[in-house]
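Results of the structural survey
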Amino acid sequence: MNSTTCAAVEDSLDAELTTLIQRMSTGDEQALSAFYDATLGKVYGLALRITGRADAAEDVAAEAYHQVWRQAARYDVVRGRPLTWLLTMTRSRALDSLRRRDEADCHPEPEALIEPEASPHSDPLDLLLSIERNGALHGALARLDPVQRQLLALAFYRGLTHQEIADHALMPLGTVKTHIRKALLVLQSALANGVAAS
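Residues numbered from 1 in each chain as written. Predicted model: local features only at pLDDT ≥ 70, side-chain atom pairs only at ≥ 80, totals over all residues. Heavy atoms only, no water.

1. Some remarks on the pattern of salt bridges
Throughout the structure, instances matching the rule amount to four salt bridges. Asp-55 serves as the salt-bridge partner of Arg-53, at 3.0 Å between the closest nitrogen and oxygen. As a salt-bridge pair, Arg-93 and Asp-96 come within 2.7 Å of each other at their nearest N and O atoms. Placement of the pair is Arg-93 and Asp-96 together in helix α4 (residues 82–100), with a separation of three residues, close to one helical turn. (Salt bridge = Lys/Arg side-chain N within 4 Å of Asp/Glu carboxyl O. Helix = DSSP H or I, 4+ residues; strand = E, 2+ residues; numbered from the N terminus.)

2. So, the layout of surface pockets
Considering only enclosed or pocket space, the largest pocket measures out at about 610 Å³ in volume. Every residue lining the largest pocket is counted, 21 residues in all, and those nearest its centre are Arg-79, Trp-85, Thr-88, Gln-163 and Asp-167. The element that contributes the greatest number of residues to the lining of the largest pocket is α4, accounting for seven residues. Residue composition of the lining of the largest pocket, by class: seven nonpolar, seven polar and seven charged. (1 Å grid on protein atoms, 1.4 Å probe; cavity = no way out; pocket = protein on both sides within 12 Å on 5 of 7 lines; lining within 4 Å. Points joined across faces, edges and corners; volume = space filled by probe spheres on them. Nonpolar A, V, L, I, M, F, W, Y, C, P; charged D, E, K, R; others polar.)

3. Things to note about the environment of Gly-174
Take Gly-174: it is sitting in helix α9 (residues 173–197). When the C-alpha positions of Gly-174 and Gln-163 are compared, they lie 9.4 Å apart, and in sequence the two are eleven residues distant.

Here it is, written out as structure tokens:
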């Protein structure tokens, strides 16, 4: 196949996928089914290449198509080809899968991850200071609104970037950055006041 024929095939596929995305944005489930059939090989292949596990790749593919269904109305043909849009989501979900994977699954010595129990002879003052520090952190987190807590959890516990959080939460990137910045300022102030008060 020469380059002109390849380009024509790509253009035809782009047009077909774009039409299916537009139909999905109106709630057309048959369009999702057709979109799935036309793209699953590429989605599953990329997911498997990144995760290295068939079960994880299947989960990633399911998450990617779920995201496509939810965000079909947000697709903008001017910003990129439909397959690129889909594979970008797939890559993001596959990286999420790797981050969520239990560290013990891939650790050479899983027993090394077990935290030692506190010795019965531990210094009571150390235990009290530890409890106080944890209490201050929980108190500071309680000052945040639920959206701020959720966005911080996605950033710090799941290791998502601001863009990945925006995609996950279906929020504009600027809004996500603003919420996280305000949340960090609240935490910083609350913890500084807590330290000053103790």
